[in-house]
Amino acid sequence: MNTREEQPSSEAGALISARGLRKSYGRTEALRGASLDLHEGEILAVTGTSGSGKSTLLHCLSGIVRPDEGVVTYGGEQLGLLSEARLSEFRRHDFGVVFQFGQLIPELTALDNVALPLLLAGIRRGPANERAGEWLERFGVRGQADLRPGEMSGGQSQRVALARALVTGPKAVFADEPTGALDTLAGEQVMTALVHTAKEAGTAVLLITHDAQIAAYADREVALRDGVVHSGSADTVGREAARHEG
Ligand code: ADP
Ligand code: MG
């Protein structure tokens, strides 16, 4: 038996590994020892009720927030040991992030929103626009290229936000309830487009959702409960917990 309080080491072949993450906001413990592996090219759903720490986990994994304790490893490097400059380089080149409400820049057209990460990466306007147009096409919103976010539906905006997250060819995309503000049909269309394009590009996706139907699009599902990751769906974990408590 293992008597020592040791975190298991990161799994071989994992693209991103988190071990023993703890993060508190004042007296609220958002993460209480969360561990997780995201494999190359895999779509992993993280489910859990509101307040269970899902967004905090995503922010720690994507290097937006530094955990109080624990380690996040990406490509053999510990994110916590990187300089701010190196970390933002990883975020720009290797990661894409999508939030619940997309967070497109309201003054820019759909095309310019998607081209922006390419321009920031030093790609010239012509080729950047061309590639942005291709990604709008992949998500079925090329016809909306010249519209601003205020002129598009929620589903169209989310497709544009996903195109923007994937356009640089990241190794991993972190999506925080990307269909949370959409109706069922729009949510399913966005998920179909995301799964299709991520698989085609070999991009790993960490998909946060509290919707079992959305989680069903993933290759694998884990559940976050009170800041700790459990394998299996939220339902299974809930039943397990009820059995132990009851
Ligand atoms: P989820 O995304 O699953 O709803 P969060 O990770 O957003 O959960 O939040 C987990 C807990 O941490 C909640 O109790 C939330 O109120 C708290 N929390 C998250 N972010 C902050 C913050 N920036 N300041 C204070 N409390 C926070
Ligand atoms: Mg959240």
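Residues numbered from 1 in each chain as written. Chains lettered and ligands numbered in written order. Predicted model: local features only at pLDDT ≥ 70, side-chain atom pairs only at ≥ 80, totals over all residues. Heavy atoms only, no water.

K.L.:
Even after reading the chapter, I still don't get the side chain of asparagine 113, so can you show me in this structure?
P.N.:
Here asparagine 113 lies in helix α3 (residues 110-120). The exposure class of asparagine 113 is buried, given its relative accessible area of 0%. There is a polar contact of 2.8 Å between the side chain of asparagine 113 and the backbone nitrogen of isoleucine 105. A polar contact of 3.1 Å, which involves the side chain of asparagine 113, links it to the backbone oxygen of leucine 108. When sequence neighbours within four positions are dropped, the list of residues in contact with asparagine 113 reads Leu104, Ile105, Leu108, Pro149, Val160 and Arg164. (Helix = DSSP H or I, 4+ residues; strand = E, 2+ residues; numbered from the N terminus. Buried < 20%, exposed > 50% of the residue type's maximum accessible area, 1.4 Å probe, protein only. Polar contact = N/O pair within 3.5 Å; in protein donor to acceptor, adjacent residues only side chain to side chain. Contact = heavy atoms within 4.5 Å.)

K.L.:
Can you help me understand helix α5 (residues 154-166) in this one?
P.N.:
Turn by turn, an α-helix covers 3.6 residues, leaving residues three or four places apart pointing in a common direction. Between its first and last C-alpha, α5 extends 18 Å over 13 residues, near the 18 Å set by a 1.5 Å rise per residue. Counting buried positions over the 13 residues of α5 gives eleven, a clear majority of the element. Listing the buried residues of α5 in full gives Gly155, Ser157, Gln158, Arg159, Val160, Ala161, Leu162, Ala163, Arg164, Ala165 and Leu166. (Expected span 1.5 Å × (residues − 1).)

K.L.:
Sorry, what's going on with the sheet that holds strand β9 (residues 220-225) here?
P.N.:
As summarised here, the arrangement of the six strands in space is β6-β7-β8-β3-β9-β10, forming an open sheet in which the pairing is mixed. Every interior strand has two partners, whereas the edge strands, β6 (95-98) and β10 (228-231), have only one. The mean inter-strand angle of the sheet, taken between neighbouring strand axes irrespective of direction, is 20°. (Pairing = 2+ DSSP bridges. Axes fitted to C-alpha atoms, helices over the stretch in contact; angles between N-to-C directions.)

K.L.:
Would you explain the packing of aromatic side chains in this entry?
P.N.:
Pairs of aromatic rings are described using the distance from one ring centre to the other and the angle between the two planes. Going through the model one piece at a time under the given rule, you end up with five aromatic pairs. Here phenylalanine 90 and phenylalanine 95 contribute two aromatic rings whose centre-to-centre distance is 6.4 Å and whose plane-to-plane angle is 15°, an arrangement assigned as stacked. Here phenylalanine 95 and phenylalanine 174 contribute two aromatic rings whose centre-to-centre distance is 5.3 Å and whose plane-to-plane angle is 85°, an arrangement assigned as edge-to-face. Here phenylalanine 95, found in strand β6, pairs with phenylalanine 174, found in strand β7 (residues 172-176); they are 79 residues apart in sequence, far enough to count as distant. Across this residue pair, the class does not change: phenylalanine 95 and phenylalanine 174 are buried. Just above the ring of phenylalanine 90 sits the side chain of arginine 86; from NZ or CZ to the centre is 4.7 Å. (Phe/Tyr/Trp six-rings, centres within 6.5 Å; stacked < 30°, edge-to-face > 60°. Lys NZ or Arg CZ within 6 Å of the ring centre and 35° of its normal.)

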